[in-house]
Amino acid sequence: MSTRPHGRSADRVLDDLESRADGLTAEEARRRLDEYGENDIVRGGGRSPVDIFVAQFDSALIWVLLGAAALSVWAGQTVDAVLIAIIVVANGVFGFVQDYRAERSLESLRQLAAPSATVRRDGEDVEVDATAVVPGDVVVLRGGDVVPADARLLEVADLAVDEAPLTGESAPVSKSPAAVDPDASLAERECMIYKGTNVARGRGIAVVTDTGMDTQVGDIAEELATTEATRTPLQTELDSLGRTLGLGVLALSALVAPLLLLRGTSALQAALTAVSLAVAAIPEGLPAVVTLTLALGVRRMSEENALVRRLPSVEALGAVDVVCTDKTGTLTRGEMTVSRLWVNDAVVDARTDEAPSDREERLLRIGALCNDATADDGDPTERALVAAAERRGLDVAALREANPRTDEVPFSSARKWMGTVHDDVGYVKGAPEVVVERCDRVLTEDGPTAMTPAARERIAERVHAFADDALRVLAMAYVEEPADGEELEDELVFVGLTGMIDPPREEVADAIATTRGAGVDVKMITGDNVRTATAIAESLGLGTTMLEGREIEAMDDDRLRERVESVDVFARTSPEHKVRILRALQDRGHEVAMTGDGVNDAPALKNADVGVAMGIRGTEVARQASDIVLLDDDYATIERAVERGRAIFDNIWKFVAYLLSANVAEVALVFVASLFGYLVLPAVQLLWINLLTDGLPALALGADPESGDVMDRPPRDAERGILDREMAGLIGGTGLVTTVVMLGLMFLTLDGAASVTPYAMTMVFTGFVVLEFEKLYVIRWLRETPALSNPWLAGAVAVSVLLQFAVLYTPLNRYFGTVPLGLADWGVLVGVLAVCLPAYLGIATLLRRARPTA
């Protein structure tokens, strides 16, 4: 409906909806169903499997590779074309599998729908399919029901609704039909219930205000449907690299081919040279190597309880500089726990297993007997009281059997207390301000004594102190020999207070400190109230600069962007607020990871640069909208994932530098040699060089261990790109050295021949291969990776050398145009290595010294 029903009286909402307390007629309900449609989450605008598959090839680098394959076919180099095509298709299939799974995120929203609902039609309560519920229907709710639609409450009887999946509230919310402030946040609308939430206890009657896609869950579904998948920095950079390479290939071909024709070279020879330049310029294995390296990182992270759903998200973690995290179930355990007791002016830690004193035992006994839950089932607050009693040594089951209940006064939101009678004693628990008012005595070491004004003041001070620590406070009292529940109303003996909280996970504080030490800011975004959020933030060392949802509502986007970086905790937020916060941070240039577990987190998870969902407590909606799922719901796993992401990016940097330095040197050599009229390396030899360098050694780089300082460095600047100044210096410097040395080797071995001889070609071909393996270890030294730290790399180089021997000394040399080399030839190649090594190390040393310190 267009108005804000939570800010209007129940009667006014009924009038607005043209409904009545006894419901709609069946005929009117059918008419409205035709008008509004089914109460369902409709999937719209999803991508078909064909669209997903085609999208895998929407990359500049892929198009350049396909162009090179086509050019190879035209020039008769079929083997080259087939190899390139296999690489491209394999990469596309792998990406399709990942993206197709992600498309299921909207479907999981449908699982939130209630299968049926009880509505009033023609004055009678009837059960209908939940999809047939319409605006104006009056629904009847009981404990355990799933709310079928967004609705305004008309009547309640001790109604509490678990809204954690939608609002992030850590405990069921008591509901009331009274109107609230029209500007109240979603979590503060006590007179409203929302589709997909669960009735924890009590009963209620409500009039439906919105159905289907007009509900809060529908808004989330719409947000997910219209949100474009976030591209990681690496994806963007590889596309940019592909465009640059494509333009470079076109420019070189446009320059070289006419020059060769002018020199009298045949059209076929000119075409072969153009193909050779294209093959030399393009790192054919780059997409596959990146994909497989990321896959290796995925496997390692899964062993550390982080399941990666989108491969590029692995390296994106290395650029993250802000983590926006939900509180309930992420920073905290997601369950209420009694943490403190207060009896006779003494605060006691309730989380120990020490035997309780007599008065502490009396307090715990009241909490266990004036209670309808077990440790595993029932209201979270009552479960916490049972667990506290059992932790301190009370056998609750035996206690209940020995003290059967003879009468009771059930809890209600209006009464705010619950009472039970057990033969000769009555127990009461409830809100302190209500219970203490009914007490005329207080239990001390000497027994019950009169409740004085000073005693009441001390109790009030302790209640406020507990509340300031975000504890939910209950007061406990008893009365001797009550006749029935009516005698629980007054003349009670006050025993003490219990303070309970959804406690922080033990490992989270250290994990936050580590991630902050690595330059990653952490911000809490929660639906909980300010007091609770502040207390949790303080205990975790997060800082307490606060911004509430209603303040965010009052800000335009420009003002929010000004404030967002300085805020530590965002409280009382709605799903829309979370997305606005994320976009404000991203507009400020931050790479943002969002953690969460509820339906309310799904839009932010999908909008974030890296969405991290909880695997145990998380809803299916959140998991499907995310990039990474934490299998243990442990925030410390995020710290390990960030560390792994940084290490993976380091490895990607190393092999991109390795591949491009080889390709630039190949292009320069082929280009310069062609100007002298020589085709020094044909396409098949260039492709073989690329396969050797882009293959096993490059893959083995993905297994390089992380350097010890990976979490002592700030996040990498996503704007700098992977092809940064250091890499450009490395590629240019080593490329120049390699080109000069290889040209010298070519002219030395030509011995005055007018065209490249098989011997000269073989020497340059093999010299290029061995130089690349030497350069590989220089690049690792540049990135401060110990030379012998990766046995897989040593094995990969050894296998690659053996493969090179195969194309020299077996019948394969016929297909590669090579001849066997003798010992003297290998002596020359060793000399080439000796000449290049100090030059390479000198370039790397200069680059290390020029590296920014921060």
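The preceding data block contains the structure.
Predicted, not measured: the structure shown is a model, and the values here were computed from it.

Draft legend 1. Fine view of a negative patch on the surface. Residues Asp214, Asp219, Glu222, Glu553 and Glu576 make up a contiguous surface patch of negative charge. In this fold, aspartate 219 is placed in helix α7 (residues 216-226).

Draft legend 2. Inspection of the packing of helix α28 (residues 758-782) against helix α29 (residues 791-809) at higher detail. Look at α28 against α29: their axes get within 11 Å of each other, and the N-to-C directions meet at 175°. If you check the angle between α28 and α29, you find them roughly antiparallel. Within the contact between the two elements, α28 uses Thr762, Phe765, Thr766, Val769, Phe773, Leu776, Tyr777 and Arg780 and α29 uses Leu793, Ala794, Val797, Ser800, Val801, Gln804, Val807 and Leu808. A breakdown of the residues in the contact of α28 with α29 according to their chemical character gives 11 nonpolar, four polar and one charged.

Draft legend 3. View of unusual backbone geometry. Despite not being glycine, aspartate 158 has its phi angle at roughly 50°, a positive value. Phi at aspartate 423 is positive, roughly 55°, even though this residue is not glycine. Inspection of the secondary structure puts aspartate 423 in the loop between β13 (417-422) and β14 (425-430). For aspartate 423, a relative accessible area of 53% translates into the label exposed.

Draft legend 4. Looking closely at the packing of helix α17 (residues 508-517) against helix α24 (residues 635-675). Close contact between α17 and α24 brings their axes to 8 Å; oriented N to C, the two are set at 25°. Comparing the axis directions of α17 and α24 gives the class roughly parallel. Crossing handedness for the pair α17 and α24: left-handed. Contacts from Val508, Ala511, Ile512, Thr514 and Thr515 in α17 reach Tyr635, Ala636 and Glu639 in α24. Grouping the amino acids of the contact of α17 with α24 by side-chain chemistry returns five nonpolar, two polar and one charged.

Draft legend 5. Structural context of the pairing of strand β18 (residues 492-501). Where burial is concerned, most of β18 is hidden: 10 out of the 10 residues are buried. Bridge count for strand β10 (residues 337-343) against β18 is five bridges, and the pairing is antiparallel. Paired with leucine 341 across the two strands is threonine 498, which belongs to β18. Pairing between strand β15 (residues 439-444) and β18: three bridges, direction parallel. When the bridges of β18 are listed, valine 442 appears paired with phenylalanine 494. The sheet contact formed by strand β17 (residues 472-480) and β18 spans seven bridges and is antiparallel. Residue pairing for β18: leucine 474 is matched across the bridge by threonine 498.

Draft legend 6. Looking closely at the pairing of strand β2 (residues 124-129). In this structure, strand β1 (residues 116-121) lies alongside β2, joined through six bridges in antiparallel fashion. When the sheet's bridge partners are listed, arginine 121 is paired in β2 with glutamate 124. Turn length for the β1-β2 hairpin, with the two strands adjacent in sequence and antiparallel, is two residues, and the turn residue aspartate 122 shows positive phi of about 55°.

Draft legend 7. Local environment of the side chain of aspartate 502. Relative to the assigned elements, aspartate 502 resides in the loop between β18 and α17. Among buried Asp, Glu, Lys and Arg side chains, aspartate 502 stands out as unpaired, with lysine 327 the closest opposite charge at 4.1 Å. Looking at aspartate 502, its side chain comes within polar contact range of the side chain of threonine 332, at 2.6 Å.

Draft legend 8. Seen up close, α24. Here α24 is 41 residues long and its end C-alpha atoms lie 60 Å apart, about the 60 Å a rise of 1.5 Å per residue gives. Glycine 677 lies just past α24 and shows a positive phi near 90°.

Draft legend 9. Fine view of the packing of aromatic side chains. Across all of its chains, the model carries five aromatic pairs by this definition. Judged by centre distance (5.6 Å) and plane angle (85°), the ring pair of phenylalanine 676 and phenylalanine 747 falls under edge-to-face. Taken as a pair, phenylalanine 676 in the loop between α24 and α25 (683-694) and phenylalanine 747 in helix α27 (residues 725-750) lie far apart in primary sequence, 71 residues in all. For phenylalanine 676, a relative accessible area of 48% translates into the label partly exposed. Each ring, one from phenylalanine 805 and one from tryptophan 826, has its centre 5.6 Å from the other, and the planes form 85°; the classification is edge-to-face. Of the two residues, phenylalanine 805 sits in helix α29 while tryptophan 826 sits in helix α31 (residues 823-849), which places them 21 residues apart along the sequence. Relative accessible area serves as the criterion here: at 22%, tryptophan 826 is assigned to the partly exposed category. Clustering of aromatic rings is evident, with ring pairs tying together Phe676, Tyr678 and Phe747. It is arginine 362 that lies over the ring of tyrosine 478; its NZ or CZ is 4.3 Å from the centre.

Draft legend 10. Seen up close, the environment of alanine 455. Among the secondary structure elements, alanine 455 is positioned in helix α16 (residues 453-468). For the pair alanine 455 and valine 442, spaced 13 residues apart in the sequence, the C-alpha separation amounts to 8.1 Å.

Draft legend 11. Up close: a nonpolar patch on the surface. A surface patch of nonpolar side chains, amounting to about 580 Å² of accessible area, comprises Leu255, Leu259, Leu262, Leu675, Phe676 and Phe747. By residue number, the principal contributor to the nonpolar patch is helix α8 (residues 233-262), which donates three residues.

What counts, and where the lines are drawn
- Residues numbered from 1 in each chain as written.
- Predicted model: local features only at pLDDT ≥ 70, side-chain atom pairs only at ≥ 80, totals over all residues.
- Heavy atoms only, no water.
- Patch = residues over 30% accessible without salt bridge, like charges linked within 9 Å, V, L, I, M, F, W, Y side chains within 5 Å.
- Areas by Shrake-Rupley, 256 points an atom, 1.4 Å probe, with all protein chains shown as cover.
- Salt bridge = Lys/Arg side-chain N within 4 Å of Asp/Glu carboxyl O.
- Lys, Arg positive; Asp, Glu negative; His and termini not counted.
- Charge placed at Lys NZ, Arg CZ, Asp CG, Glu CD.
- Helix = DSSP H or I, 4+ residues; strand = E, 2+ residues; numbered from the N terminus.
- Axes fitted to C-alpha atoms, helices over the stretch in contact; angles between N-to-C directions.
- Parallel < 35°, antiparallel > 145°, perpendicular 65-115°, else oblique.
- Contact = heavy atoms within 4.5 Å.
- Nonpolar A, V, L, I, M, F, W, Y, C, P; charged D, E, K, R; others polar.
- Buried < 20%, exposed > 50% of the residue type's maximum accessible area, 1.4 Å probe, protein only.
- Left-handed = near helix turned anticlockwise from the far one by under 90°.
- Pairing = 2+ DSSP bridges.
- Polar contact = N/O pair within 3.5 Å; in protein donor to acceptor, adjacent residues only side chain to side chain.
- Expected span 1.5 Å × (residues − 1).
- Phe/Tyr/Trp six-rings, centres within 6.5 Å; stacked < 30°, edge-to-face > 60°.
- Lys NZ or Arg CZ within 6 Å of the ring centre and 35° of its normal.

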